[in-house]
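# Fold and contact review
The chain contents come next:
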Amino acid sequence: MTRFSILLVPALLALAGPVRAQQPAQQLDLATVTCKEFTTTDKETVGLVLMWLQAYYTEQDAKPVVDFAKMKSDGEKIGAYCDKNPGHSIITAADEVMDTPTAPPAPK
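Report on the accompanying structure. (Residues numbered from 1 in each chain as written. Predicted model: local features only at pLDDT ≥ 70, side-chain atom pairs only at ≥ 80, totals over all residues. Heavy atoms only, no water.)

## Section: the packing of aromatic side chains
All told, the structure shown has two aromatic pairs when counted by the stated rule. Measuring from ring centre to ring centre gives 4.9 Å for W52 and Y56, while their planes differ by 15 degrees; the resulting arrangement is stacked. Residue W52 and its partner Y56 are both found in helix α3 (residues 43–56); the two are separated by four residues, about one turn of the helix. You can call Y56 partly exposed: its relative accessible area is 39%. Between Y56 and Y57, the aromatic rings sit 5.1 Å apart at their centres with planes inclined by 80 degrees, giving edge-to-face as the arrangement. Following the ring pairs from residue to residue traces out a cluster consisting of W52, Y56 and Y57. (Phe/Tyr/Trp six-rings, centres within 6.5 Å; stacked < 30°, edge-to-face > 60°. Helix = DSSP H or I, 4+ residues; strand = E, 2+ residues; numbered from the N terminus. Buried < 20%, exposed > 50% of the residue type's maximum accessible area, 1.4 Å probe, protein only.)

## Description of the environment of S89
Inspection of the secondary structure assignment puts S89 in the loop between α4 (68–84) and α5 (90–97). With 56 residues separating them in the primary sequence, S89 and V33 have C-alpha atoms 5.4 Å apart. Residues within four places of S89 in sequence aside, it is in contact with L30, A31, T32, V33, T34 and C35. A distance of 2.8 Å separates a polar atom in the side chain of S89 from a polar atom in the side chain of T92. (Contact = heavy atoms within 4.5 Å. Polar contact = N/O pair within 3.5 Å; in protein donor to acceptor, adjacent residues only side chain to side chain.)

## Description of the pattern of salt bridges
For the structure shown, the criterion picks out two salt bridges. The residue K70 makes a salt bridge to D74 at a minimum N-O spacing of 2.9 Å. Of this pair, K70 and D74 both sit in helix α4, four residues apart, which is roughly one turn of the helix. The salt bridge involving E76 is made with K72; its shortest N-O contact spans 4.0 Å. Within this pair, E76 and its partner K72 are both found in helix α4, separated by four residues, close to a single helical turn. (Salt bridge = Lys/Arg side-chain N within 4 Å of Asp/Glu carboxyl O.)

## Comments concerning the state of the cysteines
Applying the stated criterion across every chain yields a total of one disulfide. Covalently, C35 is tied to C82 through a disulfide, its sulfur atoms 2.3 Å apart. Note on the C35 and C82 pair: the S-S dihedral is about -55 degrees, so by sign convention the disulfide is left-handed. On the criterion of sequence distance, the pair formed by C35 in helix α2 (residues 35–39) and C82 in helix α4 is long-range, its members being 47 residues apart. We classify C82 as buried; its relative accessible area is 4%. (Disulfide = S-S within 2.5 Å.)

## Focus on α5
Burial in α5 covers these residues: I90, I91, A93, A94 and V97. When α5 is viewed along its axis, its buried side chains cluster within an angular range of 155 degrees and face the same direction. Where the residues of α5 are buried, they touch α2, α3 and α4. (Arc of directions from axis to C-beta.)

Okay, structure coming up:
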């Protein structure tokens, strides 16, 4: 997950401007970007955020695989959630519809 964050942060920073034009493009806080803002931004930014979310919601020990079919499915779920809840944040939408990683088993 860390490698994805390191690679995507510069791209997200560069693209944060279109989502939050009134703020400098230094950070993209997914807790404050609304579903309405997210669904009306350009496809490239949506794709980058979806890829970041996929990495964020992946187990730490998962293989380094980008699952485009899952990313598309998750994007459709987030889109459906956002259509019904345009004022919710994108991270709230993701929390509701994306699979969360399972905790590792407790050591014996």
